[in-house]
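Take a look at the letters that make up each chain.
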Amino acid sequence: MSTMEQQGHEAGVLPVLRALLGFLIAAAAIVYATDLFSRLGIAIYTEQYLAVVLGASLALVFLKREEHTLERRLNLLVAALGLGGGLYLAVQYPYLVEHQLDMPAQALVLSAMFFVVVLEGLRRVVGLTLVLVVLAFLGYALVGHHLSGPLQTRAVGLDRLVVYLGIDTNGMLGLTLGVAATIVIGFVLFGQLLLKSGGADFFNDLAMSMMGRSRGGSGKIATVGSALFGSISGVVVSNIVATGVITIRMMKQGGFRPHTAAAIETVASTGGQIMPPVMGAVAFLMAEFLQISYAEVVLAALIPAVLYYVALFIQVDLEAAKEQIAKVSPELIPPGREVFGNGWIFIVPFAAIIAALFFYNMRPEAAALLGALGALIVGVVRGYKGKKMSLRDVWDSLCETGQSIVDIVMISAAAGFIIGILNITGLGFGLTYFLVQLGEGNLFLLLAISAVVCIVLGMGMPTVGVYLLLAVLVAPSLIQVGIEPIAAHLFIFYMGMMSMITPPIAIGAFFAASIAQADPMKTAFTAMRLGWTAYIVPFLFVLTPPLLMIGGPGEIALAVVSALLGVWCISVGFVGYLNHRQGIAMRALFIFSGVLLILPDMGGLSLALPAKAAGLLIMLVVLGLGYYRSKCVLVIK
């Protein structure tokens, strides 16, 4: 066979292998979620299932066509190592875990192989940043016992450390990989089936019919559509690419400047990660970390997410008014009744998930599978606008589910390495103590330091990876000083997520800028202005627990109303427009009144209520002055 024929043969074989591996991962997840082995009377360790998913995911990472023969053969070899190692670990896990302390040679070799291959797989899917973080922790684990102070670690031999990371349930096969391989896969499958069944088209048309007739309608369509799509997608860049190719072009045609259009899409898609019910799969990770129900996480996250999108929506509306941006062309807007008539049935899969989680207390992976079944039935029986799912669509959904989960599997396995190192060396306790000391008892200072750490560590990393890393490094120190655990975890989640729009490595903003053909840094700074609430609201809900539904109805109502008014005032001040352009003094007064309205009760001084009253008074005075000015202008005209 000639070289060209061989390459052509491989080009045809590799996609088939990748599809089969993707299907294997999805099928394994379905079997695990339905407890099929238990129903058949077969007892297996969860770690055996995780090993299969990890092995198949590693093979997927390396099964890619390369032009150079040597590189192609190396990739095939490593793919075979990953898959073979995963299957071997699955079969031998009961023996290996029983003899882990004896450190048999096969455990050492297998663990070392997984450590190297997982890190190389991680480098290929998300870049070098997280790899360097893992290696830094490994290096510190080997020398940390020579140091003194709160960051001193206990001495651990390299061989024992490697086996612990590869075999122990606190390492690679631990919590993070478990959540990714059970819950996340289930919701990715649900999302894939929903998209193939026409759900994405329905959401886009729904946003168009709801917002298209208002000023700046194209920007509002992007906001609503990206929020709906992002809440089930789970990856910021995917959200931007999937919806941005339509919404950014629409916004530019509607009159938004390219960098503004890209920034709106960036902020809207990034916010999909904090929008219940799915929250980019972090809601389920958070529930596992905190050992609370998924429903508690969703309820706590709801008000901050609403504040985030209210601020974006207000700024889009005012920006459109200031720049005199036209409404969407009427012929492009589908009739709302027709859209809902064709797509109302897509509510059924979501209703199935909510009922399963909230009313029947089903496990998240089982609820996701139920929602996926609902999406499958809707797509096959009805579809959207007469377009039904075919058997090929179902097959593609299963294959793409397994292939799209690879990034998260690599990140979760690497996060398991970090968690294992923190546990076996005692570094986790030392880091918590060190951060608490750094804050010196000043809660606001500790929060500020933690926010900077979260944004810096999150740069260049996907949302799930950011959260997993910060949940083990930063959140414990916040909980240690008395912050509500759910508030601490939401704080680090928000701050880590904002690395997507914060220069210098604002990946989300840069992707959107490339679609809009806009300046990347200008897009990033505009996105920071539009997404300002995500930098402020985490401080608010840490210091004002009612914003997380913690407290009495009166406290929650006061916190929500004052926060909404404050967000509106600050947004008006940032945009500089309300019926007419605002001068610097008026903008400053709007911002000042907004700050007073959202000011939390700090230090037990009970200043929050008087501050809110003063903020409300200033807001009313400024609105009165604006009304008087507009009347004077009309009289002069």
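Residues numbered from 1 in each chain as written. Predicted model: local features only at pLDDT ≥ 70, side-chain atom pairs only at ≥ 80, totals over all residues. Heavy atoms only, no water.

Draft legend 1. Structural view of the overall build of the chain. In terms of helices and strands, the chain carries 30 helices and 2 strands. In summary, the chain has a C-alpha radius of gyration of 26 Å against a globular reference of 26 Å for 637 residues, a match within 12%. Its C-alpha atoms put the chain at 90 × 65 × 50 Å along the principal axes. Counting every position in the chain, which comprises 637 residues, the buried fraction comes to 56%. Considering only residue pairs separated by 6 or more positions, the chain has 76% of its internal contacts joining residues 24 or more positions apart. Accessible surface computed for the chain: about 26,400 Å², of which carbon and sulfur atoms make up 67%. (Helix = DSSP H or I, 4+ residues; strand = E, 2+ residues; numbered from the N terminus. Rg over C-alpha atoms; globule rule 2.2 N^0.38 Å. Buried < 20%, exposed > 50% of the residue type's maximum accessible area, 1.4 Å probe, protein only. Contact = heavy atoms within 4.5 Å. Areas by Shrake-Rupley, 256 points an atom, 1.4 Å probe, with all protein chains shown as cover.)

Draft legend 2. Inspection of the packing of helix 24 (residues 485-497) against helix 27 (residues 533-543) at higher detail. Interhelical geometry of helix 24 versus helix 27 gives an angle of 170° and a closest axis separation of 9 Å. Taken as axis vectors, helix 24 and helix 27 run roughly antiparallel relative to one another. Contacts between helix 24 and helix 27 involve Ala487, Leu490, Phe491, Tyr494 and Met495 from the first element and Ala534, Tyr535, Pro538, Phe539, Phe541 and Val542 from the second. Grouping the constituent residues of the contact of helix 24 with helix 27 by class yields 11 nonpolar, no polar and no charged. (Axes fitted to C-alpha atoms, helices over the stretch in contact; angles between N-to-C directions. Parallel < 35°, antiparallel > 145°, perpendicular 65-115°, else oblique. Nonpolar A, V, L, I, M, F, W, Y, C, P; charged D, E, K, R; others polar.)

Draft legend 3. Inspection of the packing of aromatic side chains at higher detail. For the structure on display, the rule yields 16 aromatic pairs. Ring geometry for Tyr32 and Tyr49: centres 4.5 Å apart, planes at 10°, overall stacked. Placement of the pair is Tyr32 in helix 1 (residues 3-33) and Tyr49 in helix 3 (residues 46-62), with a sequence separation of 17 residues. Take Tyr32 and Tyr49: they sit in the same class, and that class is buried. Plain terms: the ring middles of Tyr45 and Tyr93 are 5.4 Å apart, the flat faces sit at 70° to each other, and that makes the pair edge-to-face. In this pair, Tyr45 sits in the loop between helix 2 (36-39) and helix 3 while Tyr93 sits in helix 4 (residues 69-98), placing the two residues 48 residues apart along the sequence. The exposure class of Tyr93 is buried, given its relative accessible area of 1%. (Phe/Tyr/Trp six-rings, centres within 6.5 Å; stacked < 30°, edge-to-face > 60°.)

Draft legend 4. The nonpolar core, seen in detail. Of all hydrophobic cores here, the largest spans 193 residues; its most connected members are Leu54, Leu89, Leu490, Phe491, Ile492 and Phe541. Grouped together as the second largest cluster of nonpolar side chains are 13 residues, Ile314, Leu318, Ala321 and Phe590 included. (Core = buried A, V, L, I, M, F, W, Y, C linked by side-chain atoms within 4.5 Å.)

Draft legend 5. Region of interest: the pattern of salt bridges. In the structure shown here, the tally under the stated rule is 7 salt bridges. In this structure, Glu120 engages Arg123 in a salt bridge whose closest nitrogen and oxygen atoms are separated by 2.7 Å. Here Arg123 and Glu120 lie together in helix 5 (residues 105-126), a separation of 3 residues that amounts to about one turn. On the basis of relative accessible area, Glu120 is assigned to the partly exposed category, the value being 24%. A salt bridge links Arg529 to Glu319; the shortest N-O distance between them is 3.5 Å. With Arg529 in helix 26 (residues 520-530) and Glu319 in helix 14 (residues 294-322), the pair connects residues that are 210 residues apart, well separated along the chain. A single network of salt bridges, built from pairs that share partners, joins Glu120, Arg123 and Arg124. (Salt bridge = Lys/Arg side-chain N within 4 Å of Asp/Glu carboxyl O.)

Draft legend 6. Local environment of helix 5. Here helix 5 contains 22 residues, and its C-alpha end-to-end distance of 31 Å stays within 8% of the 32 Å for a straight helix at 1.5 Å per residue. Where helix 5 is buried, its residues meet helix 3, helix 4, helix 6 (129-143), helix 7 (158-167) and helix 19 (406-425). Gly127, located one to two residues past helix 5, shows a positive phi value of around 95°. (Expected span 1.5 Å × (residues − 1).)

Draft legend 7. Spotlight on helix 29 (residues 584-598). Under the 1.5 Å per step criterion, the end-to-end length of helix 29 is 21 Å for 15 residues, consistent within 8% with the ideal 21 Å. What helix 29 keeps buried is the set Met586, Phe590, Ser593, Gly594, Leu596, Leu597 and Ile598.

Draft legend 8. Region of interest: the confidence of the model for the chain. Across the chain, the average pLDDT comes to 82, with 91% of residues at or above 70. Across residues 633-637 the pLDDT falls below 50, and counting only partners more than four positions away or on other chains, this stretch makes 0 contacts in the model. (pLDDT = per-residue confidence, 0-100.)

Draft legend 9. Representation of the side chain of Thr270 in the model. Looking at where Thr270 falls in the secondary structure, it is placed in helix 12 (residues 258-271). Among the polar contacts listed, one links the side chain of Thr270 to the backbone oxygen of Thr266, at a separation of 2.7 Å. For Thr270, the contacting residues outside a window of four places in its chain are Val236, Tyr308, Met497, Met500 and Ile501. (Polar contact = N/O pair within 3.5 Å; in protein donor to acceptor, adjacent residues only side chain to side chain.)

Draft legend 10. Summary view of a nonpolar patch on the surface. On the surface, Ile354, Phe358, Phe359, Tyr360, Met362, Leu370, Leu373, Ile377, Val380 and Val381 cluster together into a nonpolar patch covering about 950 Å² of accessible area. Looking at the nonpolar patch, the elements with two or more residues in it are helix 16 (347-359) and helix 17 (364-381). Ranked by residues supplied to the nonpolar patch, first place goes to helix 17 with 5 residues. Looking at the secondary structure, you find Val380 in helix 17. Val380 gets classed as partly exposed once you look at its relative accessible area, which sits at 39%. (Patch = residues over 30% accessible without salt bridge, like charges linked within 9 Å, V, L, I, M, F, W, Y side chains within 5 Å.)

Draft legend 11. Quick look at the environment of Ile333. On the secondary structure map, Ile333 appears in the loop between helix 14 and helix 15 (336-343). On the basis of relative accessible area, Ile333 is assigned to the buried category, the value being 9%. Not counting residues up to four positions away in its chain, the partners in contact with Ile333 are Met208, Ser209, Gly212, Arg213 and Val328.

Draft legend 12. Spotlight on unusual backbone geometry. Backbone geometry at Asp35 places phi at a positive 55°, although glycine is not the residue there. On the secondary structure map, Asp35 appears in the loop between helix 1 and helix 2. What makes Asp35 partly exposed here is its relative accessible area of 31%. Despite not being glycine, Gln291 shows a phi value in the positive range, around 55°.

Draft legend 13. A look at the packing of helix 21 (residues 443-458) against helix 22 (residues 463-473). In contact at an axis separation of 10 Å, helix 21 and helix 22 are set at 140° when each is read in the N-to-C sense. Put simply, helix 21 runs oblique to helix 22. Every pair of crossing elements has a handedness; the one defined by helix 21 and helix 22 is right-handed. Residues Cys454, Leu457 and Gly458 of helix 21 lie in contact with helix 22, whose contacting residues are Val466, Leu469, Leu470 and Leu473. (Left-handed = near helix turned anticlockwise from the far one by under 90°.)

Draft legend 14. Representation of the environment of Ala29. Here Ala29 is to be found in helix 1. Along the backbone, Ala29 and Arg363 are 334 residues apart, and their C-alpha atoms lie at a distance of 13 Å. Every residue in contact with Ala29, bar those within four places of it in the chain, is listed here: Tyr49, Ala181 and Ile185.

Draft legend 15. Summary view of the side chain of Ser209. Along the chain, the position of Ser209 falls in helix 9 (residues 199-211). You can call Ser209 buried: its relative accessible area is 13%. Residues contacting Ser209, with those up to four places away along its chain left out, are Ile333, Pro334, Pro335, Gly336 and Val339.

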